[in-house]
Amino acid sequence: MTKKIPFIIALICIFQYANQGISSLPDQCLYYLLRENWKLSATMLGLVSWITGLAWYLKIGFGYCVDNFSIKGKRTTYYLIGSYLGLLLSYLYIVIFGLNLLAVIISGVIINICIAFADVSVDREMVICEQKQKLKGRLQAIQWTALGIAGLVVSLGGAGIAKYLPEPLNYKIAYGIAGIIPLAMLVFLFKFFKEKKIKTIKVPFISNIKKIANKRLLMGLLFVACLNFCPSFGTPLMIKIRESLGVDKMFLGYLGAMGTVLGVIGYFIYYKWVYKFPMKKLIYFMIIFTAVTNLFYLYIPNQWILLTYNLIFGAFGGITFMTLLAFFVKIIPTGGEGFFYALVTSINNFAARGGNFLGGYIYDKTNYNTTVIVSTVFTLFCLLLVPLLKIEDK
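Throughout this document, residue positions are counted from 1 along each chain, in the order its sequence is written. Only residues with pLDDT of at least 70 get local features here, since the model is predicted, and only at 80 or more are side-chain atom pairs given and counted; chain-wide, interface and lining totals rely on the full set of residues. Side-chain numbers come from the whole structure's heavy atoms, not from hydrogens or water.

Strands are runs of DSSP state E lasting at least two residues, helices are runs of H or I lasting at least four, and both sets are numbered from the N terminus onward. One can find Lys-59 in helix α5 (residues 59-68). Sequence-distant contacts of Lys-59, that is, excluding residues within four places in its chain, are made with Ala-116, Asp-119, Val-120, Asp-123, Ala-342, Thr-345, Ser-346 and Asn-349. Any two residues having at least one pair of non-hydrogen atoms within 4.5 Å are treated as being in contact.

Listed below in structure tokens is the structure:
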């Protein structure tokens, strides 16, 4: 039987994920800068994304720190303060000095380290609460709803900034706005947040490594890696609709906003009803739905077809995403929750960005349609792994 979600934990999750969402405000400006101004290939765009995402592959180390090293007896407060200070300093540097390709990579790495460390600190509390209260992904639905609402601001605001302001003013303003939530959170942490001191019981690193030998965890990690390493056609799709169809930047912002709203609706549907279904059936649905919707994107004669796809598939996409997140929690052993959730998400992020790079490479060497077909075949291959997953739905 599921229990109520603790208010304080929910509030921390909401604010942290809202900050994570707003941090993407400059992304549209950066895409147009790198692709349409600096003329980077799809492969190079994928490579830059893979490198700047370094922190998201090292979350296992961050998770171990959060599990075993409190600062002045506090496990959350000081990690969050350090992360938000790092974000503000990085944003300030960009606003003052601007960007070149090297600065894009270095600042991207630092910004992602700050966000990832804060993310791990909050996710540890989320996993403990999810397992203790038997929430079946409902707290994660709240987290990602907050991220989705922030994403709505990013979709519309980012598109407007990218279209109506010249470079480099556009991305500097975007980074400046992104600094508002970290600044507000620092004020909150210093003045209002009162975390109780705890006595940390250190778990030897080797003990966590031994737990990785758990067959259920290993098969779960293999499944997550295979599913996310499927070649992504996100960047090729963006190139196609901008450079072949000539779709306006603001229209893309509206599409992103619509997708975000529908995704949040999907999170809500999962929160209210879908979490009750058996996990394996949801995973089968997730894979088949993804493969089928991929094939629709072989036919994009104009921007209105894109809008139609968004409208039809958006909410279901939110449901499948929440299914994957709930699966993460299912395969995590008790004890060292920060470490193991970080391990699962590290592999997820590494594989996903690797899939983005692979998709860009296939596109550069072949064409858009081939990339979509290869992505679909890789996705369907993951069906073979589902019977091997050990998932209890009790």
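In this section: the pattern of salt bridges. The rule for a salt bridge is simple: a side-chain nitrogen of Lys or Arg has to be within 4 Å of a carboxyl oxygen of Asp or Glu. Applying the stated rule across the entire model yields five salt bridges. Residue Glu-243 is joined to Arg-35 by a salt bridge in which the shortest nitrogen-to-oxygen separation is 2.7 Å. Residue Glu-243 is located in helix α13 (residues 234-244), and its partner Arg-35 is located in helix α2 (residues 27-37); the two are separated by 208 residues in the primary sequence. Throughout, exposure labels follow a simple rule: accessible area from a 1.4 Å probe, protein chains only, divided by the maximum for the residue type, with under 20% read as buried, over 50% as exposed, and the rest as partly exposed. Look at Arg-35 and you get buried, because its relative accessible area is 16%. A salt bridge links Lys-163 to Asp-248; its shortest N-O distance comes to 3.0 Å. Residue Lys-163 is located in helix α8 (residues 138-164), and its partner Asp-248 is located in the loop between α13 and α14 (249-272); the two are separated by 85 residues in the primary sequence.

What follows concerns helix α6 (residues 77-97). Between the first and last residue of a helix there are one fewer steps than residues, each counted as 1.5 Å, and that sum is the expected span. For α6, built from 21 residues, the straight-helix expectation of 30 Å at 1.5 Å per residue is met to within 8% by its first-to-last C-alpha distance of 31 Å. Along α6, the positions that sit buried rather than exposed are Thr-77, Tyr-79, Leu-80, Ile-81, Ser-83, Tyr-84, Gly-86, Leu-87, Ser-90, Tyr-91 and Ile-94.

Describing an aromatic ring pair means giving the distance of the ring centres and the angle of the ring planes. By convention, a stacked pair of Phe, Tyr or Trp rings (six-membered ring in the case of Trp) has centres within 6.5 Å and planes under 30 degrees apart, an edge-to-face pair has planes over 60 apart, and any other such pair is tilted. With the rule as written, the count across this model stands at 23 aromatic pairs. Between Tyr-31 and Tyr-32 the ring centres are 5.5 Å apart and the planes differ by 75 degrees, which places this aromatic pair in the edge-to-face class. As far as burial versus exposure is concerned, Tyr-31 and Tyr-32 are alike and both buried. With centroids separated by 6.3 Å and ring planes inclined at 85 degrees, the aromatic side chains of Phe-233 and Tyr-368 adopt a geometry described as edge-to-face. With a gap of 135 residues between them, Phe-233 in the loop between α12 (215-228) and α13 and Tyr-368 in helix α18 (residues 368-381) connect regions that are remote in the sequence. Neither residue differs from the other here; Phe-233 and Tyr-368 are each classed as buried. Grouping aromatic residues by their ring pairs yields a cluster made of Phe-233, Phe-285, Phe-289, Phe-296, Tyr-297, Tyr-309, Phe-313, Phe-316 and Tyr-368. A ring has a charge above it when a Lys NZ or an Arg CZ is no more than 6 Å from the ring centre and no more than 35 degrees off the ring normal. Positioned above the aromatic ring of Tyr-275 is the side chain of Arg-138, whose terminal nitrogen or guanidinium carbon lies 5.6 Å from the ring centre. Against the face of Tyr-32 rests Lys-249, its NZ or CZ located 4.4 Å from the ring centre.

We now examine the nonpolar core. For soluble globular proteins, the rule of thumb is that nonpolar side chains tend to be buried together. Buried Ala, Val, Leu, Ile, Met, Phe, Trp, Tyr and Cys residues form a nonpolar core when they are joined through side-chain atoms within 4.5 Å. Counting residues in each nonpolar core, the largest one holds 119 residues, and the members touching the most others are Leu-139, Phe-223, Ile-283 and Phe-327. Looking at which element gives the most residues to this core, the answer is helix α7 (residues 101-133), with 13 residues.

Time to look at the packing of α12 against helix α16 (residues 303-330). All axes here are fitted lines through C-alpha atoms, helices being fitted over the stretch that makes contact, and every angle between N-to-C directions spans 0 to 180 degrees. Where α12 meets α16, the closest approach of the two axes is 10 Å, and the angle between their N-to-C directions is 155 degrees. It follows from the interaxial angle that α12 and α16 lie roughly antiparallel. Two packed elements cross with a definite hand, and for α12 against α16 that hand is left-handed. Contacts between α12 and α16 pair Arg-216, Gly-220, Phe-223, Val-224, Leu-227 and Asn-228 from the former with Leu-324, Phe-327, Phe-328 and Lys-330 from the latter. For this classification, the nonpolar set comprises Ala, Val, Leu, Ile, Met, Phe, Trp, Tyr, Cys and Pro, the charged set comprises Asp, Glu, Lys and Arg, and every other residue, Gly included, is treated as polar. Class assignment of the residues belonging to the contact of α12 with α16 gives a composition of six nonpolar, two polar and two charged. Any angle that is under 35 degrees is reported as roughly parallel, and any over 145 degrees as roughly antiparallel; angles of 65 to 115 degrees are reported as roughly perpendicular and all others as oblique. Should the near helix be turned counterclockwise from the far one by less than a right angle, the crossing is left-handed, whereas a clockwise turn marks it as right-handed.

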